[in-house]
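Given next are the chains, with one letter for each unit.
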Amino acid sequence: MGFLSKLFGNSSIKEKEKMKNEKLNVGIILGSTRQGRVSPQVGEWVKEIADKRGDANYEIIDIADYQLPFLGTTDGTEPGIAAWNEKLNSLDGFVFIVQEYNHSITGALKNALDFAREAWNNKAAGIVSYGSTGGARAAEHLRGILGELMVADVRVHPTLSLFTDFENYTTFKPADLHLNNVNEMLDQVAAWSGALKTLRK
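Below is a summary of the structure that appears in this document. What you are looking at is a predicted structure, and each value in this text was computed from that prediction instead of being measured. (Residues numbered from 1 in each chain as written. Predicted model: local features only at pLDDT ≥ 70, side-chain atom pairs only at ≥ 80, totals over all residues. Heavy atoms only, no water.)

1. What to know about the overall build of the protein chain
So, point 1. Along its length, the protein chain carries 7 helices and 8 strands.
So, point 2. Looking at the protein chain residue by residue over its 201 residues, the buried ones come to 46%.
So, point 3. Intrachain contacts of the protein chain at a sequence separation of at least 6 include 79% that bridge at least 24 residues. (Helix = DSSP H or I, 4+ residues; strand = E, 2+ residues; numbered from the N terminus. Buried < 20%, exposed > 50% of the residue type's maximum accessible area, 1.4 Å probe, protein only. Contact = heavy atoms within 4.5 Å.)

2. Remarks on the nonpolar core
So, point 1. Membership of the largest hydrophobic core comes to 29 residues, with the highest contact counts inside it found for Ile29, Trp84, Phe96, Leu113 and Trp120.
So, point 2. Elements with a contribution of two residues or more to this core: helix 4 (79-89), strand 3 (93-99), helix 5 (107-114), strand 4 (123-131) and helix 6 (136-148).
So, point 3. It is helix 6 that contributes the most residues to this core, 5 residues altogether.
So, point 4. Those residues in contact with tryptophan 120, other than ones at most four positions away along the chain, are Ile29, Trp84, Leu88, Phe94, Phe96, Ala112, Leu113, Leu149, Met150 and Val151.
So, point 5. One finds Leu24, Ile49, Phe172 and Val182 within the second-largest nonpolar core, a separate group that totals 25 residues. (Core = buried A, V, L, I, M, F, W, Y, C linked by side-chain atoms within 4.5 Å.)

3. Side note on the packing of aromatic side chains
So, point 1. Applying the stated criterion across every chain, the model contains 9 aromatic pairs.
So, point 2. On the numbers, 5.2 Å between centres and 80° between planes, the contact of tryptophan 45 with phenylalanine 172 is edge-to-face. Pair noted here: tryptophan 45 is in helix 3 (residues 39-51) and phenylalanine 172 is in strand 8 (residues 171-172), with a separation of 127 residues, a long-range link.
So, point 3. A residue is classified by how much of its surface remains accessible, and tryptophan 45, at 15% relative accessible area, is buried.
So, point 4. When the ring of phenylalanine 166 is compared with that of phenylalanine 172, the centres are 5.0 Å apart and the planes differ by 40°; the resulting orientation is tilted.
So, point 5. A network of ring pairs unites the aromatic residues Tyr66, Trp84, Phe94, Phe96 and Trp120 as a single cluster. (Phe/Tyr/Trp six-rings, centres within 6.5 Å; stacked < 30°, edge-to-face > 60°.)

4. Looking at the packing of helix 3 against helix 7 (residues 178-197)
So, point 1. Here helix 3 crosses helix 7 at 65°, and the two axes come no closer than 10 Å. Relative to helix 7, the element helix 3 lies roughly perpendicular. Crossing of helix 3 against helix 7: the hand is right-handed. For the pair helix 3 and helix 7, the contacting residues are Trp45, Ile49 and Ala50 in the first and His178, Leu179, Val182, Asn183 and Leu186 in the second.
So, point 2. Its residues assigned to classes, the contact of helix 3 with helix 7 comprises 6 nonpolar, 2 polar and no charged. (Axes fitted to C-alpha atoms, helices over the stretch in contact; angles between N-to-C directions. Parallel < 35°, antiparallel > 145°, perpendicular 65-115°, else oblique. Left-handed = near helix turned anticlockwise from the far one by under 90°. Nonpolar A, V, L, I, M, F, W, Y, C, P; charged D, E, K, R; others polar.)

5. Some points on the environment of glutamate 118
So, point 1. By the element assignment, glutamate 118 lies in the loop between helix 5 and strand 4.
So, point 2. On the basis of relative accessible area, glutamate 118 is assigned to the exposed category, the value being 60%.
So, point 3. Distance from glutamate 118 to methionine 150, taken between C-alpha atoms, is 8.7 Å for residues 32 residues apart in sequence.

6. Here's the deal with the pattern of salt bridges
So, point 1. Inspection of every chain in the model, using the stated rule, returns 14 salt bridges.
So, point 2. Across the pair aspartate 55 and arginine 53 runs a salt bridge whose closest N-O atoms are separated by 2.8 Å.
So, point 3. For aspartate 55, a relative accessible area of 27% translates into the label partly exposed. (Salt bridge = Lys/Arg side-chain N within 4 Å of Asp/Glu carboxyl O.)

7. A closer look at the pairing of strand 2 (residues 56-62)
So, point 1. In this sheet, strand 2 lies alongside strand 1 (residues 24-30) in parallel orientation, the contact comprising 7 bridges. Bridge pairing links isoleucine 29 to isoleucine 61 in strand 2.
So, point 2. Handedness of the crossover joining strand 1 and strand 2 through helix 3: right-handed. (Pairing = 2+ DSSP bridges. Right-handed = clockwise from strand over helix to strand, strands pointing away.)

8. Some thoughts on helix 4
So, point 1. Along helix 4, the positions that sit buried rather than exposed are Gly80, Ile81, Trp84, Asn85 and Leu88. In an axial view of helix 4, the angular spread of the buried residues amounts to 135°, which keeps them on one side of the axis. For helix 4, the exposed residues lying more than 90 degrees away from the buried face are Pro79, Ala82, Glu86 and Asn89.
So, point 2. Looking at the buried positions of helix 4, the neighbouring elements they touch are strand 1, strand 2, strand 3, helix 5 and strand 4. (Arc of directions from axis to C-beta.)

9. Notes on helix 6
Owing to its 3.6 residues per turn, the α-helix aligns residues three or four sequence positions apart on the same side.
So, point 1. The first and last C-alpha atoms of helix 6 sit 19 Å apart over 13 residues, in line with the 18 Å expected at 1.5 Å per residue.
So, point 2. Along helix 6, the residues that are buried comprise Ala138, Ala139, Leu142, Arg143, Ile145 and Leu146.
So, point 3. Check the buried side of helix 6 and you find it contacts strand 3, helix 5, strand 4 and strand 5 (151-153).
So, point 4. Of the residues one or two after helix 6, methionine 150 is the one with positive phi, at around 60°. (Expected span 1.5 Å × (residues − 1).)

These figures capture arrangement, not role.
Set out below in structure tokens:
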């Protein structure tokens, strides 16, 4: 019997090996619900890059699908609230697609963030932002919120310009240079999501 087996027991080692071999589940969260939004285009682009990697199960999560009410304005029994928390609980990490509204994130995204607590804890997140300044100011606001929710946001941050990565501000045509940034961001999200998963067991 090896040293680790004596120290932790065979069952503990088997559990750690099983966790290591399990694929992570990462949600690509669309941060806007407005009509005419371009976040679905950006989300699909990120997912297309991510799916080629094979390191995790990636899925697009559209907060519009959950029809969340404004926090505190109802009795909280709407089915979308429970479904939202259930979906977040099933994920190991996140990629937020963030658009800048008045130097910050959208009200819809802030509302969705506030509708969960423990479901966010001890998970990792990457941010892909867009706007007139690449959505950088919105991303910085989001980082502060994620810290409070115990989400570890990674350093690499692809920023997309409305002027150079969108045709007529509506059709997404990203520059090739963003591909490396997205992959580096996903490298960090996958690594940190795997590490943090051990804290939730």
